[in-house]
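# Coordinate analysis (summary)
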Amino acid sequence: MELVVNGGSYSLEAPVGRSLAETLRDALGLTGTKIGCNEGHCGACTVLVDGVPTLSCITLVHTVEGRDVTTIEGLRDHPLVDSFVRADALQCGFCTPGQIVSASALVGANPEPTREQIRHQMAGNLCRCGAYPKIEEAIVSWRD
Amino acid sequence: MARLIKTEKEVEGRYEDVWLVVEEDALDQWPAGPGEIVGRPTPRITGAQRARGEARYTADVQLPGMLHTAVLRSPHAYARVKSIDLSLALAAPGVRAAIGPDDLDVLVDEAGYPGVAVAAVAADTFDAARDAVALIEVDWDVLEPVLDPDEAVVRKQLLIEPRRYERGDVERGFAEADAVVEAEFRTQTVLHNSMETHQTVCEWQGDRLDVYVSTQFIWGVRDEVAEQLGLPPDKVRVVCEFMGGGFGSKNGAGDHTFIAAELARRTGRPVRCALTRREENQATGNRNATIQRLKAGARSDGTLVALSGEFVNAVGWSGWTATTEGPMQMLYACDNVETVTYGAKINTPPMRAFRAPGFVEGTFGLECLLDELAAKLDLDPLEVRRLNYSHADDDRPYSSKRLMECYKRAEPHWERRHEVRARSDGAWKRGVGLASQVWYGGGGPPSYAWVRLGADGRATVITAMQDIGTGTATAMAQIAAEELGLPLDSVDFVLGDSARGPYASISAGSSTTPSMGPAVRAAAADAGSQILEIAAQRYDQEQRVLSLKDGQVVSSDGGSWPVAEVVGLLEDAQILGKGARGPNPAGMQVLTFGVQVVEVSVDTETGEVQVDRVAAIHDVGRVINPLGASSQVEGGIIQGIGHTLSEERLLDPQTGTILTQSLDAYRLPTIADVPPEIVTELLDIPDEHLTNLGSKGLGEPPIVPIAAAIANAIRDATGADVRSLPISREEMLRALREARERQQEKVATPAS
C-alpha cells in the first residue's frame, strides 16, 4: 500500500488489521508517535489525518491510504514545540508529542483559543505527570 | 584521600547504618537566594528532545531480530495450576519460545492475585505471541479468595507482625480531654498508570546481559537481575535514557524483566516484554486501600492530649506495609499517642510505592479528624495546628523545620474563606480548607558523579542515573554550571547507562536532587579546582586568588582568562573531576514540611465537587529550578485531586476480578479537571545542616495534604464530614445527608 506521511510517500506491506500507530513506529521508525493504551483512551498516539486529530492506535492503516498523515516528526518546527519547552509543559514527555499534535490542530483552526476552548479540545490527551496548567499556558502563548 | 565512615541512611522513614567512603572535603553551601543559574527558572534541557519526539524511551528501543512477548496471567484471584500445556503455543506460527512455572521463578503455579504471570511466549510479533498465549491450556483449581482486609486481620492473615507504637499514656490522655472525636476513614486503591507501561528489552552479548528498562533505579535493576541470574553485577548493563513516568511503581526490576531475560537466553535473540495498559492496571502495583479508625482528644483550648489509631493496610498478596500511621506520630506535639498497623494479606495485586506511600493516606485521616475536633471546639483549624506545633527538641532534632513560616505564608490564602463562603449560590456551596504536610525527602549516600572538561571549554556531567520526568538532568546541569561559572548551554549531561557512569541513587522518596545534587556539585568543584591549578601555573598566579565566573578564570587582581583558553592548553587531555554524596547530618531528622489551602465548590443537589483554587506552601530547602519545582507541585496536586475525587480501582467483590483495567473505566484527571488557579510558594531557604546544597526533595510533598485539604474545604462549605475516598457523588451526598440528619437531631433535642 501507499502511505503519505509528513509529505513523503512510502510503499509498504501491511497485514490486514495493522494499526496506523504500529505501522508508523515499526515499519517507518517514526517513534515520536507514542502508544499509551492502544485502545483509544489516552491520546498519546494522536496524529493528523488530512489535518484532523486522529487516534492512530485505533485507526487501521489501510483506511488512510492516500491521505495526508502528519506526525510529530512533521511538526518539529512548529512554534508549539518551543512554547511547550518554554512553559515547561512537559515532565516525563511521553504524552507530549500527542499533546502537541492535538494542539497544532487547535491553534490551526483557532489561533487565539480561550482557556475554556483549550480545556475542551485538549481533554482527550491524558498527562499522568499533571503538566496540564503549563500545557494550557503553552497553547495560550504559542506565538510569543 | 578516601575516608571510610559509618553513617545513617533513611529510606522512607526507616533508618539503617551504612558504611560510606567520603572522598572530598565538604564544600560550604552557597549563600541563600538565587545564584547565577541555580535558583533561576530554567526550561528543561531535555525538553526539545521530548517535545519533538526524538527522545528514545524504552518503548522506542528496536533491536535487530527483536522478539515480542505476551504473558499468560491468572484470571483468578486465588487458584492453583493443576496442569499446564504449552505445546500448542510452541507450535503456533512465529513462536520462538514458551515458558511456564517450571522454567522461571517469577512464573507461578499458585496464583495469589488476578494478573500474576503464569506463562510467557516470545514470537516474531506481539500479535503472534498474544495469539499463541490463547492456545496455552491450563487446568485451574480455583480457590476461595479473601478480599476484605478486615477479614484478613481477624483471620490473622498478615504480612507483618502488627506494628505497635506508643508514647505517653493514651488512656490518661483521653480521660483529661474536654473533647474527643472518633471516626473511621477509608482510602481506596489507586493505580499509577504511568503513560509508558512497564517494559524491558533484554539482549545477551555472550555472558553479558544488556537490559533496556523503564525504571526509577538503574543500579537497583542491575543488582536485582545479577542476583537472580547469578551474574557478577557488572555483567549486567542497564540502560534507561528517557522514561515515561513511574511514581513509585518502577523502583524494582519487575517480573517482565526476568521474563525477557529468560526468553532472550533461550532464543539467542533480543526480547521485548512490554505490558499492555490492561496488564499494567492489574499487575504492576498500586497505592493500597486503607481503613483508619482514629480518635483524638483535646483540651478546650485545642491542645491535643491523646491520639490513637488503628490502621489496616490492604497490602495485597505481597508487598510492604507502608507507614500510614506516620503522620499521627510525627505531625503534632502530643504527649500521648498510640498506633497499631496491620498489613492485610489478601488476594489482590501487591501494593507498590506510590508517591509518598502511607503518608498520603494517613494525612487524609489525621488532618480530617483534626478539623472535626476544631469544629467541635469551635476553634480555628489553622490556630489548632499552630498550637500543637511539634518542635522535636528530643533526641532527634530536625535538620531544619519551617512549617511555622509556611503557616504564616498560608494566612492570606486562609483569610479568603469569608469572601469565598459568601460566594455560595443556591445549591452551590463554597468553602476553604487546609491541611499540613510532613514527609521525608532528605536523600542520602551513596551517589557519585564525574565532570569532564575538554579543550573546547565545555563540561559534561556524567552519572548513571535516570531522569524520570522530574527535571533531574536540568537541575544537575544547573548545579554544575553554577559551580564552574559556565553558562548552562556549555554543560552537557550524560545519564541513563550503568556502563557509562558511576553509581547513582534511586529516583524515589523525593531523594534524587538531595542525593545526586551534592555529588554533582562536588565533582564540578573538583574539576573547577583543577582548572584553577592549571591557570595558576600558566599565568603565574597564586591559585588562592583565582576563581571561576562567567566562563572566565578571574584573578582578584583584576586579570581574567576565558576557561576555554585555559583548558584549550590541554589539547587532547581532559580534566576529570569526581564527586560523592556525603553523609546526612548525624542524629537528625531530615524532613519536608508544608501546608495547602484549598477552595472548593459543592453542588449540594448532585454531589459534584469542584476544586477552584489551591495554594501550596512547602519548605524543601534550597530550590534549584523554580520553574521545574512549580511543575512538580502542580503535578502532585493534580494527581492528588484524581486520588481525592475520581480515581478508584474497582474489584468484583466475589471473584476479585479487576473491573477498571482500561483508561475509560479508570478515571484519571484530564486538563478539564484542573483548578483554574494553583499557587506555588516554596520558602527556598537552604537547610544549613544538609549537604553542600541544603536542598531537600519535592516530588512527593505536594500530593500529601491535598485530599484532607479538599475534604476540610467541603466541610467548611457544607458542614458535611467526608470520610471516604474517592469523594464520589454518592459519598458526597451520603455525607450531606448525614450532616442534615445531625442538624435535625440537634434542633429536635436542644442541649440541656
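Computed from a predicted model, the values in this text were never measured in an experiment.

Cut-offs and rules
Residues numbered from 1 in each chain as written. Chains lettered and ligands numbered in written order. Predicted model: local features only at pLDDT ≥ 70, side-chain atom pairs only at ≥ 80, totals over all residues. Helix = DSSP H or I, 4+ residues; strand = E, 2+ residues; numbered from the N terminus. Rg over C-alpha atoms; globule rule 2.2 N^0.38 Å. Buried ≥ 20, exposed ≤ 12 C-beta atoms within 10 Å, placed from the backbone. Contact = placed C-beta atoms within 7 Å. Domains from an automatic or database assignment. Nonpolar A, V, L, I, M, F, W, Y, C, P; charged D, E, K, R; others polar. Expected span 1.5 Å × (residues − 1). Pairing = 2+ DSSP bridges. Axes fitted to C-alpha atoms, helices over the stretch in contact; angles between N-to-C directions. Core = buried A, V, L, I, M, F, W, Y, C linked by C-beta atoms within 7 Å. Right-handed = clockwise from strand over helix to strand, strands pointing away. Parallel < 35°, antiparallel > 145°, perpendicular 65-115°, else oblique. Left-handed = near helix turned anticlockwise from the far one by under 90°.

### Some words on the overall build of chain A
Helix and strand content of chain A: five helices and five strands. Mapped in sequence order, the helices and strands of chain A form the string β-β-α-β-β-β-α-α-α-α. On C-alpha atoms alone, chain A measures out to a radius of gyration of 15 Å, which is about the 15 Å that the 2.2 N^0.38 rule sets for 144 residues. Taking the principal axes of its C-alpha atoms as reference, chain A extends roughly 40 × 25 × 20 Å.

### Details of the overall build of chain B
Of the regular secondary structure elements, chain B holds 19 helices and 28 strands. The C-alpha radius of gyration of chain B comes to 28 Å, within 12% of the 27 Å expected for a compact globule of 752 residues. On the principal axes, the C-alpha backbone points of chain B span a range of 90 × 75 × 45 Å. Counting across all 752 residues of chain B, residues that qualify as buried make up 58%. For chain B, the proportion of contacts with a sequence separation of at least 24, taken over those separated by at least 6, is 80%.

### Examining the domain arrangement of chain B
Residue and element names in this part refer to chain B. The domain architecture assigned to chain B consists of domain 1 (3-55 + 443-453 + 481-488 + 507-580), domain 2 (61-144 + 193-283) and domain 3 (391-442 + 587-738). A separation of 37 Å is found between the C-alpha centroids of domain 2 and domain 3. If you look at the interface, domain 2 gives eight residues, while domain 3 gives ten residues. Along the lines of polarity and charge, the residues of the side of domain 2 that touches domain 3 split into two nonpolar, four polar and two charged.

### Description of helix H14 (residues 472-484) of chain B
All names here are of chain B. Its 13 residues give H14 an end-to-end C-alpha distance of 18 Å, which sits within 8% of 18 Å, the value for a rise of 1.5 Å per residue. Most of H14 is tucked away, with 13 of its 13 residues classed as buried. Remark: Gly485 follows H14 within two positions and exhibits a positive phi of approximately 65°.

### Considerations on the interface of chain A and chain B
Often, the extent of an interface is quoted as the loss of accessible area upon association of its parts. Across the contact, 41 residues belong to chain A and 42 residues belong to chain B. At the level of secondary structure, the elements contributing two or more residues to the side of chain A that touches chain B comprise helix H2 (79-86), helix H3 (96-109), helix H4 (115-121) and helix H5 (132-140) of chain A. Broken down by element, the residue count for the side of chain A that touches chain B peaks at five residues, all from H5 of chain A. Classifying every residue of the side of chain A that touches chain B gives 21 nonpolar, ten polar and ten charged.

### Looking at the sheet that holds strand S15 (residues 290-298) of chain B
Residues and elements named next belong to chain B. Overall, mixed pairing links the five strands, which are arranged S9-S17-S16-S15-S10 in an open sheet. Taken across any chain shown, the strands that pair with only one partner, and hence form the sheet edges, are strand S9 (163-167) and strand S10 (179-187). For this sheet the average axis-to-axis angle between neighbouring strands, irrespective of direction, equals 5°. Across the sheet, helix H10 (residues 359-377) is in contact with S10 and S15; its angle to S10 comes to roughly 150°.

### Digging into the sheet that holds strand S7 (residues 117-123) of chain B
Residue and element names in this part refer to chain B. Strand order in the open sheet formed by seven strands is S5-S7-S3-S14-S11-S12-S13, with mixed pairing between adjacent strands. Each edge of the open sheet is held by one strand with a lone partner, namely strand S5 (95-99) and strand S13 (236-239). Recorded for the sheet is a direction-independent mean angle of 20° between the axes of neighbouring strands. Relative to S13, strand S12 (residues 208-213) is paired through four bridges, and the arrangement is parallel. Each residue of the ladder has a partner; that of Tyr212, found in S13, is Val239.

### Regarding the nonpolar core
Residue and element names in this part refer to chain B. By size, the foremost hydrophobic cluster in this structure holds 254 residues, and its most contacted members are Val121, Val461 and Ala480. Tallying contributions element by element places helix H15 (residues 512-538) first for this core, with ten residues. The residues touching Ala480, leaving out its near neighbours within four places in the chain, are Val451, Ala459, Val461, Val491, Val520 and Ala524. In terms of nonpolar packing, the next biggest core, distinct from the first, is built from 13 residues, Ala152, Phe311, Ala314 and Ala344 among them.

### Some details on the pairing of strand S21 (residues 491-494) of chain B
Residue and element names in this part refer to chain B. Alternating residues of S21 divide into Val491 and Phe493, all buried, and Asp492 and Val494, none buried. The sheet contact formed by strand S20 (residues 459-462) and S21 spans four bridges and is parallel. Residue pairing for S21: Thr460 is matched across the bridge by Asp492. This β-α-β element, S20 to H14 to S21, shows right-handed connectivity.

### With respect to helix H1 (residues 20-27) of chain A
Residues and elements named next belong to chain A. Counting buried residues in H1 gives six out of eight residues, a clear majority hidden from the surface. Taken together, the buried positions of H1 are Leu20, Ala21, Glu22, Thr23, Leu24 and Arg25. Next to the buried residues of H1 lie strand S1 (2-5) and strand S3 (46-49). Immediately beyond the C-terminal end of H1, within one or two residues, lies Gly29, with a positive phi of roughly 70°.

### Examining the environment of Ser318 of chain B
Residues and elements named next belong to chain B. Mapped onto the elements, Ser318 comes out in the loop between strand S16 (304-316) and helix H9 (326-330). Residues Ser318 and Ala344, spaced 26 residues apart in sequence, show a C-alpha to C-alpha distance of 9.2 Å. Not counting residues within four places of it along the chain, the set of residues in contact with Ser318 comprises Leu159 and Pro350.

### Overview of the domain arrangement of chain A
All names here are of chain A. You can read the domains of chain A as domain 1 (2-74) and domain 2 (75-140). Between the C-alpha centres of domain 1 and domain 2 there is a distance of 20 Å. On the domain 2 side, the residues contacting the 18 residues of domain 1 number 13 residues. Taken together, the elements giving at least two residues each to the side of domain 1 that touches domain 2 come down to S3 and strand S4 (52-55). For the side of domain 1 that touches domain 2, the leading source of residues is S3, giving three residues.

### Some remarks on the environment of Glu605 of chain B
Residue and element names in this part refer to chain B. Summarising the element assignment, Glu605 is placed in the loop between strand S26 (592-603) and strand S27 (609-619). Since 11 C-beta atoms lie within 10 Å of it, Glu605 is described here as exposed. Sequence spacing of Glu605 and Ala128 is 477 residues, and the spatial spacing of their C-alpha atoms is 52 Å.

### Quick notes on the pairing of strand S3 (residues 67-73) of chain B
Residue and element names in this part refer to chain B. Across the seven residues of S3, seven count as buried, placing the element largely inside the fold. Residues Leu67, Thr69, Val71 and Arg73 of S3 are buried on one face, and the alternating residues His68, Ala70 and Leu72, pointing to the opposite face, are buried as well. Both S3 and strand S14 (residues 271-274) contribute to a ladder of two bridges, which runs parallel. If you follow Leu67 over to S14, its bridge partner there is Val271.

### Focus on the packing of helix H6 (residues 218-229) of chain B against helix H7 (residues 255-267) of chain B
All names here are of chain B. Where H6 meets H7, the closest approach of the two axes is 11 Å, and the angle between their N-to-C directions is 50°. With respect to each other, H6 and H7 are oriented oblique. The hand of the H6/H7 crossing is right-handed. Contacts between H6 and H7 involve Val221, Val225, Gln228 and Leu229 from the first element and Thr257, Phe258 and Ala261 from the second.

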